[in-house]
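Coordinate inspection notes
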Amino acid sequence: MASTHLKIGSYELKSRLIVGTGKYSSLELMQQCHQESGAEVVTVAVRRERLVDKNSGRNILDFIDPKKYILLPNTAGCFNAQDVVRVAKLGREMLTDSGYRGADWVKLECLGDTRTLLPEPVGTLEALKILVQDGFQVLVYCSDDVMLCKRIKEAGAAAVMPAGSPIGSGQGVLNPNAIRIILEQLKENDPTYPVIVDAGVGTASDVAAAMELGVDGVLLNTAIAGATDPVKMARAMMLATESGHLAHQAGRIARKLYATASSPWEGRINV
Amino acid sequence: MELCVNGEKLLLPDGATIAALLEHFKLQPVRVAVELNCDIVPKKTYSHTRLKSGDKVEIVTFVGGG
């Protein structure tokens, strides 16, 4: 294994793939996909407990082994800084003394509207500052705007996570040049600062392409959960993350307009 | 007394605690977090935090998400 570990805040991770827990047709299927994906970090959302018509008492945590996985609570579904902070604190409270790792970090998601689910930059930055002040290690879902990403890093984010394309859209990384510029600017004099593509990937090649740009990891949910065979896609995503990372480290050849022969010209018999 | 729990009205005997409220819904304290009038209630205090009429309680848990 040529890959080095990924360090985000106080966590050191062997896998560069972070996966979600939503949209699975069963908790058993989710568990199988987590296993196949090789991910060590799984993200979970905070919601009201169902007080009537309960899901036969089954809780998602019963399907996530605390020895194998680190939980990353997220603030999905929040549309302002106040709600983000409230949900982050509830997530931390649930994990405190729970036997699970992950109480001290959070994936900050502050959305602009329900149709695009694009991140709302002003609320995001505002919530980030409050959470950092409160001692959270914050992984920030944001748009692929380099100036915004710089402000987010400066405000103390543990990782910057630009969206490849809208959540669940499966369009892949729509603007690889924006990601390239973000990587250059955020990693200048700080090469290990984590930049993760969060959201939008649809299949293995999208993940490999993202990793080849030089991002430190990919966070995805729908691409696995929504696949026809989620377990197989989970394995494909694991392999794509690894191969994309290795290809980035290996350094690809330059693109050229004309051919370059692979076999020698000397010694041909047809001269 | 009348409480508002996760947006729904609920009648419980006067002086009931957070622990009693969770027991009422058969919820494991380790799997939830509780807010009382928008302040988080630390787990250690569930058994002696008493509720009063008009209190707003939120009980949350983790669910699948990305």
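Structure first, text after, so check above.
Residues numbered from 1 in each chain as written. Chains lettered and ligands numbered in written order. Predicted model: local features only at pLDDT ≥ 70, side-chain atom pairs only at ≥ 80, totals over all residues. Heavy atoms only, no water.

Some remarks on the packing of helix 2 (residues 81-95) of chain A against helix 3 (residues 121-133) of chain A
All names here are of chain A.
- Running from amino to carboxyl end, helix 2 crosses helix 3 at an angle of 40°, the nearest separation of the two axes being 8 Å. The pairing of helix 2 with helix 3 is recorded here as oblique in orientation. The hand of the helix 2/helix 3 crossing is right-handed. From helix 2, Ala81, Val84, Val85 and Ala88 reach across to helix 3, where they touch Gly123, Glu126, Ala127, Ile130 and Leu131.
- Classifying every residue of the contact of helix 2 with helix 3 gives seven nonpolar, one polar and one charged. (Axes fitted to C-alpha atoms, helices over the stretch in contact; angles between N-to-C directions. Helix = DSSP H or I, 4+ residues; strand = E, 2+ residues; numbered from the N terminus. Parallel < 35°, antiparallel > 145°, perpendicular 65-115°, else oblique. Left-handed = near helix turned anticlockwise from the far one by under 90°. Contact = heavy atoms within 4.5 Å. Nonpolar A, V, L, I, M, F, W, Y, C, P; charged D, E, K, R; others polar.)

Topic: helix 2 of chain A
Residue and element names in this part refer to chain A.
- In this model helix 2 runs 21 Å from its N-terminal to its C-terminal C-alpha over 15 residues, within 8% of the 21 Å that 1.5 Å per residue would give.
- Within the span of helix 2, buried status applies to Ala81, Val84, Val85, Val87, Ala88, Leu90, Gly91, Glu93, Met94 and Leu95.
- Looking at where helix 2 begins, the residue whose side-chain oxygen comes 3.2 Å from the main-chain nitrogen of glutamine 82 is asparagine 80.
- Looking one or two places after helix 2, you find aspartate 97, whose phi comes out positive at around 55°. (Expected span 1.5 Å × (residues − 1). Buried < 20%, exposed > 50% of the residue type's maximum accessible area, 1.4 Å probe, protein only. Polar contact = N/O pair within 3.5 Å; in protein donor to acceptor, adjacent residues only side chain to side chain.)

Regarding the side chain of A:Asp206
- Take A:Asp206: it is sitting in helix 6 (residues 204-213).
- Once residues within four sequence positions are removed from consideration, A:Asp206 is found in contact with A:Gly170, A:Gln171, A:Gly172 and A:Val201.

Some remarks on the interface of chain B and chain A
- Taken together, the contact pairs 26 residues of chain B with 33 residues of chain A.
- Carbon and sulfur atoms make up 59% of the surface buried where chain B meets chain A, a total of about 2600 Å² over both sides.
- Summed over the three residues of chain B that lose the most area to chain A, namely B:Arg31, B:Phe62 and B:Gly66, the buried surface amounts to 30% of that side.
- The tally of links from chain B across to chain A stands at 15 residue pairs in polar contact (both at pLDDT 80 or more).
- For the side of chain B that touches chain A, the secondary structure elements donating two or more residues are strand 3 (33-36), strand 4 (39-41) and strand 5 (56-64) of chain B.
- By residue number, the principal contributor to the side of chain B that touches chain A is strand 5 of chain B, which donates seven residues. (Buried area = accessible area lost by both parts, 1.4 Å probe.)

A few points about helix 4 (residues 146-154) of chain A
Residues and elements named next belong to chain A.
- Burial in helix 4 covers these residues: Val146, Leu148, Cys149 and Ile152. Axial view of helix 4: buried residues confined to an arc of 160°, hence all on one face.
- In this structure, the buried side of helix 4 is in contact with helix 3, strand 7 (137-142), strand 8 (159-162) and helix 5 (176-187).
- The opening residue of helix 4, the one whose side-chain oxygen lies 2.9 Å from the backbone nitrogen of methionine 147, is aspartate 145.
- Following helix 4 by one or two positions, glycine 156 adopts a phi angle in the positive range, close to 105°. (Arc of directions from axis to C-beta.)

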